[in-house]
Amino acid sequence: MVDYSKWGNIEISDDEDETHPNIDTPSLFRWRHQARVERMEEQRREKEEFENTKKKNSQQITEVRKQIEHAKKEDASIAELEARLEMLLSEGEKLRKKEDELKQKEKVTPWNVDTISNPGFTKTVINKPGARKVEQLSEEEREKRMQVFIKENEKLLKEFGMLRKYDDSRRFLQEHPNLVCEDTANYLVIWCITLEMEDKQMLSQHVAHQCICMQYILELSKQLEVDPRSCVGTFFSKIQVAEPEYKKSFEDELNAFKERVKKRAKEKLEAALREEEEEEKKARLGPGGLDPVEVFETLPLILQECFEKQDIPMLQEAIAKMPQEEAAYHMKRCIDSGLWLPDGGKKEAAEISEAEVAEAEEK
């Protein structure tokens with residue numbers, strides 16, 4: 001599976017510390033890391049459950065065989081025991097097939113820093129130039145470097161993101177080897193999320209495919225300890241002639257990535273909406289710091305009707321009928337929220353102050 005922790009801004013391990021911090025938001029790191037953790041945990045549980053089932057089947061077969069031997073010595077009927085043994089042996093055969101499937105699944109699983117000892121590609125002999133030297137940069141320096149990288153290569157990055165055929169992608173990266181790096185993968189992730197937020201789902205999914213291809217190349221370079229640029233041809237040759245299980249693994253990884261992009265885009269849109277609502281709320285706060293919308297919703301229905309109709313005489317009458325303390329409470333909140341402006345300067349508004357509220361009560 002693809003190593004999502006490379007976008008994690010928490011507990012970055014030694015073998016991941018060359019990853020550029022995401023310039024979009026730290027939460028992008030977290031969900032990428034969580035994706036890998038959940039997937040690996042699911043595989044662990046599946047393997048553990050299978051081993052328990054296999055062990056139980058083996059024990060039952062041994063036990064039934066003992067019972068058959070004992071029954072033979074006692075001259076008892078063994079027909080029922082033999083039927084049960086046949087059923088258990090049949091289950092055992094299914095379990096052996098299941099075991100082969102699990103081994104194949106493990107074989108085609110791409111590498112990440114947690115599964116680096118498990119083969120995902122058949123070992124390929126290639127010229128082995130030294131891996132790129134890991135730069136010891138601060139987060140600020142990495143961010144600046146990525147900004148420069150995007151500024152210089154954004155047109156090419158978008159062009160790569162729009163490619164679909166493997167041959168075209170291979171040729172493009174071989175022509176532009178400087179794009180085979182973590183910064184490209186980071187850019188494509190952010191672009192996927194941006195497109196999803198803009199409701200351009202088909203385009204986002206298109207770019208997602210290219211993003212996963214880049215991640216596979218980077219993971220392969222780590223496993224082979226070579227410069228990722230030398231892994232471009234190897235990866236595309238492998239994916240084009242891969243067995244069905246391997247292609248399915250790739251598609252599963254791609255689909256999982258698409259789902260997380262959707263989730264992240266939704267979270268960002270909701271956060272943006274909340275921020276916009278907060279800004280609107282701040283903008284409409286009255287002189288006393290209260291929100292006129294919230295205050296209006298807490299007013300008695302009769303006062304809401306007065307404000308909706310902008311009927312001053314009706315408002316005066318409604319206040320006069322209320323207990324003085326309640327009327328003063330509501331009118332003060334109206335003033336603090338800006339629903340009522342006693343010094344608005346409009347003669348026809350028949351300004352009402354707290355003193356006038358009390359005077360109306362006396363009547």
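The structure displayed is predicted, hence computed values, not measured ones.

1. Re helix H8 (residues 244–284)
Right, on to step 1. With 41 residues, H8 extends 60 Å between its outermost C-alpha atoms, agreeing within 8% with the 60 Å of an ideal straight helix rising 1.5 Å per residue.
Right, on to step 2. Listed as buried for H8 are Tyr246, Ser249, Phe250, Glu253, Leu254, Ala256, Phe257, Lys258, Arg260, Val261, Arg264 and Ala265.

2. Quick look at unusual backbone geometry
Right, on to step 1. Even without a glycine there, the phi angle at aspartate 199 is positive, about 65°.
Right, on to step 2. Relative to the elements of secondary structure, aspartate 199 occurs in the loop between helix H5 (182–197) and helix H6 (201–224).
Right, on to step 3. Given the relative accessible area of 59%, aspartate 199 is considered exposed.
Right, on to step 4. Residues other than glycine seldom take positive phi values, yet glutamate 225 does so here, at roughly 55°.
Right, on to step 5. Mapping glutamate 225 onto the fold places it in the loop between H6 and helix H7 (232–240).
Right, on to step 6. Since its relative accessible area comes to 57%, glutamate 225 is described here as exposed.

3. Some details on the side chain of serine 221
Right, on to step 1. Within the secondary structure, serine 221 sits in helix H6.
Right, on to step 2. The contact partners of serine 221, leaving out residues within four places of it in the chain, are Val226, Asp227, Pro228 and Cys231.

4. Focus on the packing of helix H4 (residues 166–175) against H7
Right, on to step 1. Their axes nearest at 10 Å, the elements H4 and H7 cross at an angle of 175°. Relative to H7, the element H4 is oriented roughly antiparallel. Contacts between H4 and H7 involve Tyr166, Asp167, Ser169, Arg170, Leu173 and Gln174 from the former and Val232, Gly233, Phe236, Ser237, Ile239 and Gln240 from the latter.
Right, on to step 2. Class assignment for the residues of the contact of H4 with H7 results in five nonpolar, five polar and two charged.

5. Here's the deal with the pattern of salt bridges
Right, on to step 1. In total, this model carries 14 salt bridges according to the counting rule given.
Right, on to step 2. When the shortest N-O distance is used, the salt bridge between glutamate 46 and lysine 98 registers 3.7 Å. Linking glutamate 46 in helix H1 (residues 26–73) with lysine 98 in helix H2 (residues 79–108), this pair joins segments that are 52 residues apart in sequence.
Right, on to step 3. In this structure glutamate 46 comes out as partly exposed when scored by relative accessible area, which is 24%.
Right, on to step 4. For lysine 98, a relative accessible area of 33% translates into the label partly exposed.
Right, on to step 5. Lysine 248 is paired through a salt bridge with aspartate 252; the nearest N and O atoms lie 3.1 Å apart. Of this pair, lysine 248 and aspartate 252 both sit in helix H8, separated by four residues, roughly a single helical turn.

Rules used throughout
Residues numbered from 1 in each chain as written. Predicted model: local features only at pLDDT ≥ 70, side-chain atom pairs only at ≥ 80, totals over all residues. Heavy atoms only, no water. Helix = DSSP H or I, 4+ residues; strand = E, 2+ residues; numbered from the N terminus. Expected span 1.5 Å × (residues − 1). Buried < 20%, exposed > 50% of the residue type's maximum accessible area, 1.4 Å probe, protein only. Contact = heavy atoms within 4.5 Å. Axes fitted to C-alpha atoms, helices over the stretch in contact; angles between N-to-C directions. Parallel < 35°, antiparallel > 145°, perpendicular 65-115°, else oblique. Nonpolar A, V, L, I, M, F, W, Y, C, P; charged D, E, K, R; others polar. Salt bridge = Lys/Arg side-chain N within 4 Å of Asp/Glu carboxyl O.

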